[in-house]
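Letter by letter, the chains look like this.
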Amino acid sequence: LGLCVSRASASVLNLNCCLVLLPMCRVLLAFLRGSQKVASRKTRRLLDKSKTFHVTCGVTICIFSVLHVAAHLVNALNFSENYSEDFLALNAANYRGEVSQLYLMSVLVPGLTGVIMVLVLFLMCTASTYAIRVSNYDIFWYTHNLFFVFYMLLMLHVSGGVLKYQTNLEEHPPGCFNPNKTLLENMTVPKAFEETFPDYTTEPFPEDLSVPEPFVQNNFMRICSEEPKFQSHFPETWFWISGPLCLYCVERLYRYIRSNKPVTITSVISHPSNVLEVRMMKDNFKARPGQYVILHCPRVSALESHPFTLTMCPTDTKATFGVHLKVVGDWTERFRDLLLLHSNQDTEILPIFQQRRYPKLYVDGPFGSPFEESLNYEVSLCVAGGIGVTPFASVLNTLLDGWKCYKLRRLYFIWVCRDIESFRWFADLLCMLHNKLWQENRPDYINIQLYLSQTDGIQKIIGEKYQALNSRLLIGRPRWKLLFDEIAKCNRRKTIGVFCCGPNKISKILHKLSNSSNSYGTRFEYNKESFS
């Protein structure tokens, strides 16, 4: 039973160690998202679950690793109790009754690598919990990069060759008589055997000799022509993990080469509520609305890097792209201090030859996200919570440059914030887009609704500069059921893309409403990105 459980759990571990790397191939996922010929909309929507799939594979690896270890502890005891004098090559123990499991685990290569792998896996799993990721992201980042050590140990783990199989079954079938023994010369067939097989032999056999049933098949006795030979099983783990591991390593090398040249920071803008905007330029950089990049600043951390959604994408007329980041942790705090230290006039954009000496910043990406599909629906509902507005900012910037080339014909934009100052991050963008659509006689193209969940300081937004937004500012939280009913009524028998970037509480409500039916024949397709 121990061998069966250990082998079965090992097969499950091989499969999941193979699959867990695929969601981390960001370039491959971005290619599939951007290619409508290769992947349909339903297939691209499945890619939104890549993080969930990665977590599921990780949890499965943890569970079956525990089962695998427990089975091998039972095997260690069985190997010592079932020591075979006849087949010494099959023994893992040195002698019968050796119950020192620690000895077996420390001497054998699979035991040593297995113990270290369990420790590495324990660190990776505990550091991946939500509490640790929120309180100290650095711990999660550094421990998760131990996956490379895990895979190297996994390759060594399967090379021990503890379990073996017989290679000469034809020459030495199970249950055969050894020809080197002289027992056959003095054997006599018992009466019961003569009655069953009267034509078998005339040689004299002892009266008290009974021939075991397994040794007699089809009226003849199976005789060994040579001693049994055993060989270790070829490790199947190589077949499972070599392909995905090579694919991941090649992609990381490609990403390193692509992001090896630092970007040019054109401006740094400090916004209310601890939000920093960084505008950059990079040669041959192309991105689609809704995508994100990974920023790496060596002066902040030599190894650590973080993803940020693009709020401004480069176009044919401008090469500038930008991100908005909220200062909430050690990395963003150090990054802000380095940027603002070299910028006394935050909003000024200088020519390249007069650039301030900002710290070196490397950009890896862009990579795909669910929000790329927002322009591929005829009607889209975009819901943002706080800083979760960043992926929709790139969509709004793209529509500001021109909306007629996209399939989108109506956009519902809902933005919920706790304080009034947060709306100032993109208030200018919303006003410019509103005025542009009014001038083009398409005021119904975008429906803007701003919700303020806390009423402190509400008078601060009132001003002539943002008059277009004042009438769209509502106090409290959205009544989601009424909102969905109204949208469904105005867009009968249409498919509406629902996109959410915000707290999980809002996400769960929108997901439930999207899956519920309505009397207007309107279908809601839910897409989500979570802060965590």
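Just so we're clear, the structure is a prediction, and the values are computed from it rather than from any experiment.

(A) Quick look at the state of the cysteines. One pass over the structure, following the stated rule, counts one disulfide. Disulfide pairing is shown between Cys62 and Cys125; the S-S distance is 2.4 Å. Across the disulfide from Cys62 to Cys125, rotation about the S-S bond amounts to roughly -50°, and the bridge is consequently left-handed. Taken together, the residues Cys62 in helix H4 (residues 50-81) and Cys125 in helix H6 (residues 109-127) connect sequence positions 63 residues apart.

(B) Representation of helix H1 (residues 2-19). Taking 1.5 Å per residue as the helical rise, H1 with its 18 residues ought to reach 26 Å, and the 26 Å between its terminal C-alpha atoms agrees with that figure. Residues of H1 that are buried: Gly2, Ser6, Ser9, Leu13, Asn14, Asn16, Cys17 and Cys18.

(C) Geometry of the nonpolar core. Formed by 41 residues in total, the largest nonpolar core has its most connected members in Leu399, Phe413 and Trp415. Those elements that place two or more of their residues in this core are strand S11 (379-385), helix H13 (390-401), strand S12 (410-417), helix H14 (427-439), strand S13 (446-452), helix H15 (467-470) and strand S15 (495-502). Apart from residues no more than four positions distant in its own chain, Leu399 is found in contact with Leu375, Leu408, Leu411, Leu433, Lys436 and Tyr445. Counting residues in hydrophobic clusters, the runner-up holds 26 residues, among them Ile265, Val327, Tyr358 and Val363.

(D) Region of the structure containing the pattern of salt bridges. Taken as a whole, this structure holds 14 salt bridges when the rule is applied. In this structure, Asp364 engages Arg255 in a salt bridge whose closest nitrogen and oxygen atoms are separated by 2.7 Å. Taken as a pair, Asp364 in strand S10 (residues 362-367) and Arg255 in helix H11 (residues 237-258) lie far apart in primary sequence, 109 residues in all. For the pair shown, Asp364 and Arg255 are each scored as buried. Residues Asp364 and Arg258 are paired through a salt bridge, measuring 3.4 Å at the closest nitrogen-oxygen approach. With Asp364 in strand S10 and Arg258 in helix H11, this pair connects stretches of sequence that are 106 residues apart. Arg258 gets classed as partly exposed once you look at its relative accessible area, which sits at 26%. In the salt-bridge network here, residues are joined through shared partners; they are Glu251, Arg255, Arg258 and Asp364.

(E) Here's a closer look at the UniProt feature "transmembrane region" (unreviewed entry) in the protein chain. Here the UniProt feature "transmembrane region" (unreviewed entry) sits at residues 12-32, 53-74, 102-127 and 139-158. Counted over residues 12-32, helix gives 71% and strand 0%. Its end C-alpha atoms are 27 Å apart. A distance of 32 Å separates the end C-alpha atoms of residues 53-74, which is 100% helix and 0% strand.

(F) Local environment of the side chain of Thr332. If you trace the backbone, Thr332 turns up in helix H12 (residues 330-341). Residues within four places of Thr332 in sequence aside, it is in contact with Phe308, Leu325, Lys326 and Val327.

Parameters at a glance
Residues numbered from 1 in each chain as written. Predicted model: local features only at pLDDT ≥ 70, side-chain atom pairs only at ≥ 80, totals over all residues. Heavy atoms only, no water. Disulfide = S-S within 2.5 Å. Helix = DSSP H or I, 4+ residues; strand = E, 2+ residues; numbered from the N terminus. Expected span 1.5 Å × (residues − 1). Buried < 20%, exposed > 50% of the residue type's maximum accessible area, 1.4 Å probe, protein only. Core = buried A, V, L, I, M, F, W, Y, C linked by side-chain atoms within 4.5 Å. Contact = heavy atoms within 4.5 Å. Salt bridge = Lys/Arg side-chain N within 4 Å of Asp/Glu carboxyl O. UniProt positions renumbered as here; feature names shortened; annotations may be inferred.

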